[in-house]
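Okay, here's what each chain looks like letter by letter:
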Amino acid sequence: MVRVLWILEHTAPLVKRPCILTAPYMATPEMHPFRLAIAQIDVVVGDIDGNLDRIRSILAAAEDSAPDLVVFPELAISGYPPEDLLLRPSFLEAAREALDALARDVGDAVAVVGFPEQDADVYNAAAILRHGRVRHVYRKRYLPNYGVFDENRYFRRGESIPVYRLGDVTLAVNICEDIWYPGEPLAVQALEGDARLAINLSASPYHAGKGHDRERMIATRAEDNAIVVAYCNLVGGQDELVFDGQSLVVDEDGELLARGAAFAEELLVIDLPLQRVFEERLRDPRRRKAETGEGAPPVERVDLGERRSGKRPSLRVRGAVDPAPASRTEEVLSALTLGLGDYFRKNGFREACLGVSGGIDSAVTAAIAVRALGPERVHGFYLPSRYSSETSRLGARELCSNLGIAYREIHIDSILEAFLAVLRPEFGRLPADTTEENLQARIRGNLLMAFSNKFGWLVLAPGNKSEMSVGYSTLYGDMVGGFAILKDLLKTRVYEVAEEINRQSGRELIPRETIERAPTAELKPGQKDTDTLPPYDVLDPILEGYVERDLARREIVALGYDAAVVRWVVEAVDRSEYKRRQAPPGLKITTRAFGKDRRMPITNRFRG
């Protein structure tokens, strides 16, 4: 059979991309395909009323295609992760009231919606809604408690493994982490429960390359259990996290049938002739063993009634499966743009300001801010001292001109002289050192924060992961700000993102001179980053090994790096933990970001 993709002739008003329908096989009348709608949406943590309104709007849009079932992401009612809001009874009560109100709006189509359930304890749950009421609740069985996850802090593990009968189709519902394990609940739902379609509600945070890993895992689960898997993932930014969407439908052979958009909302509506699952299972002896009760745990069976009847709308052909991002760097740039835009939108910020130094970090930060917010909402300040070069000034001006953002130039030498005059009696004859260098950075930070206070602009900090790792940054200086876009990007990756920005714009949006010049803080005459740091092409792999992979010092040396350099880097990382605790939040891009992801003690004498 030929697999094709269809699109409904009208679109959903609250969905940023068109309402898409996918038919994996050309359906004949006797097939009676199961029509599934996947609502890949962007919600706001704690905005229960707003999330409810959004879900209602998407339900109304989905109803135009007359689906059998509509699925929403994990904890869609409350937003994910709600963290210590889950410790407030009033929050849990509000979430339940919203769910009950939503249930009253649900008719013939079954809706599956994630919410925090308060019972004897609190559960990460999925409500199955139909005909005006909550028909059943599935409770998440595997609670992740690693990396950015703290679900054991808030939730109790679900005990039952239900399947749901909807007319001639048996469905499985599970939540996020439940499907990452090869055994139950999915294996029990498929083999013992005879489910032909598995619905997984997810809020899977992004890191570079995760979409590919997730798709491969889901294909393996589908093929191993001879079941169609429909995976509905959250999209949008939430503090340091970005959710990338890329919802999936994979058939019983592990073949991809549909992929949702990356980093954008989408309503995906899919026709699934599930009789192919039965045909596949006729050749699979595992089900027969499960049916004899050999070690299979019990399954709770819930009847949801008959499938909806009536004529469905006619469709027209659109094309093929939505493509994944073309490259890892394109993916990272999209994540940074979405994460920054949502941070502003969800927290009520409108405009941003930053120092543009003529260097690569501030240039990439400004370019991403323009992508996320628009040029009219970004303000650039060039704040030179006596050590700033004409090359830096020209680079900062050219950048702001290319981006179409406001450019202001304020010289800080007079302020620096005032500081030095006040401090001179106390410092006496002590020679100048990093104290005087850091004064310049702190003056700049104070000026930017003054503009922030006066005009309500959020200051964007330009620091990258390489600098923050080893403490090559100034507290209350270049670290000042409300958000650090590049916080989880090593310096070498920043250059890659700069090239991607220029490639996508079709011109040198970030000046070539800015990309190619040697990095410098320009806080003293002739200064270069390499005066203090190893070259970034040496530093970054060491940081990747120590910070992101938890390699011991000897293991990094064994990879071919100089032992003295490795020792210096490791000690600098450990020594700078107190600085990072005071850094602004930034977006998680790697498997091990500073903050929630990597949690090390400040007081720590271990040197491994």
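Residues numbered from 1 in each chain as written. Predicted model: local features only at pLDDT ≥ 70, side-chain atom pairs only at ≥ 80, totals over all residues. Heavy atoms only, no water.

**Concerning the sheet that holds strand E22 (residues 458–461)**
Taken in spatial order, the five strands make up an open sheet running E21-E20-E19-E22-E23, and their pairing is parallel. Each having just a single partner strand, strand E21 (406–409) and strand E23 (483–484) make up the two edges of the open sheet. Inspection of the sheet shows strand E19 (residues 352–355) paired to E22 by two bridges, in the parallel sense. Directly across from Cys353, in E22, lies its bridge partner Val459. Packing of helix H8 (residues 328–347) onto the sheet brings it into contact with E19, E22 and E23, and relative to E22 it is tilted by some 155°. Where helix H10 (residues 390–403) meets the sheet, its contacts fall on strand E20 (378–382) and E21, and the angle it forms with E21 comes to roughly 155°. (Pairing = 2+ DSSP bridges. Helix = DSSP H or I, 4+ residues; strand = E, 2+ residues; numbered from the N terminus. Contact = heavy atoms within 4.5 Å. Axes fitted to C-alpha atoms, helices over the stretch in contact; angles between N-to-C directions.)

**Quick look at the sheet that holds strand E15 (residues 256–259)**
A sheet is described by the order of its strands in space; here seven strands give the open sequence E15-E14-E11-E10-E9-E8-E17, paired in mixed fashion. Pairing within the sheet leaves two strands with one partner each, and these edge strands are E15 and strand E17 (300–303). Neighbour to neighbour, the strand axes of the sheet diverge by 20° on average, direction disregarded. The pairing of strand E14 (residues 248–250) with E15 spans three bridges and is classified as antiparallel. In the strand pairing of E15, Val250 is matched with Leu256.

**Quick notes on unusual backbone geometry**
In this structure, Pro81 follows Tyr80 across a cis peptide bond, with omega equal to -5°. Relative to the helices and strands, Pro81 is located in the loop between strand E4 (69–71) and helix H2 (89–103). Residue Glu184 is joined to Pro185 through a cis peptide bond whose omega torsion reads 10°. Positionally, Pro185 belongs in the loop between strand E9 (169–175) and helix H4 (186–191). Positive phi values are uncommon outside glycine, yet Glu83 reaches one of about 50°. Structurally, the position occupied by Glu83 is in the loop between E4 and H2.

**A few points about the environment of Glu516**
For Glu516, the location among the structural elements is in helix H15 (residues 512–516). A C-alpha to C-alpha distance of 49 Å links Glu516 and Tyr154, two positions 362 residues apart in sequence.

**Comments concerning H8**
Two residues of an α-helix separated by three or four positions point the same way, owing to the 3.6 residues in each turn. With 20 residues, H8 extends 28 Å from end C-alpha to end C-alpha; this agrees with the ideal 28 Å at 1.5 Å per step. The buried fraction of H8 is high, at 15 of 20 residues. Backbone geometry just downstream of H8 places Gly348 in the positive-phi region, at approximately 80°. (Expected span 1.5 Å × (residues − 1). Buried < 20%, exposed > 50% of the residue type's maximum accessible area, 1.4 Å probe, protein only.)

**Description of the packing of aromatic side chains**
This model, assessed by the stated rule, comprises twelve aromatic pairs. Judged by centre distance (6.4 Å) and plane angle (10°), the rings of Phe451 and Phe455 are stacked. Taken together, the positions of Phe451 and Phe455, both in helix H12 (residues 434–455) and four residues apart, correspond to about one turn of that helix. What links up through ring pairs into an aromatic cluster is the set Tyr343, Phe344, Phe349 and Phe483. The ring of Tyr142 is capped by Arg157, whose NZ or CZ atom sits 5.6 Å from the centre of that ring. (Phe/Tyr/Trp six-rings, centres within 6.5 Å; stacked < 30°, edge-to-face > 60°. Lys NZ or Arg CZ within 6 Å of the ring centre and 35° of its normal.)

**Considering the confidence of the model for the protein**
Mean pLDDT over the protein: 89, with 92% of residues reaching 70 or higher. Counting contacts from residues 1–31, a segment whose pLDDT is below 50, to residues more than four positions away or on other chains yields 103 contacts. (pLDDT = per-residue confidence, 0-100.)

**Thoughts on the pattern of salt bridges**
A complete count under the given rule lists 44 salt bridges for this structure. Lys465 serves as the salt-bridge partner of Glu548, at 2.9 Å between the closest nitrogen and oxygen. Placement of Glu548 in helix H16 (residues 536–548) and of Lys465 in helix H13 (residues 465–470) is noted, with a sequence separation of 83 residues between them. For Glu548, a relative accessible area of 14% gives the class buried. A salt bridge links Glu499 to Arg512; the shortest N-O distance between them is 2.9 Å. On the criterion of sequence distance, the pair formed by Glu499 in helix H14 (residues 491–505) and Arg512 in helix H15 is long-range, its members being 13 residues apart. Looking at Glu499, the relative accessible area reads 34%, which means it is partly exposed. Through salt bridges with shared partners, a single network forms among Asp42, Asp342, Arg345 and Lys346. (Salt bridge = Lys/Arg side-chain N within 4 Å of Asp/Glu carboxyl O.)

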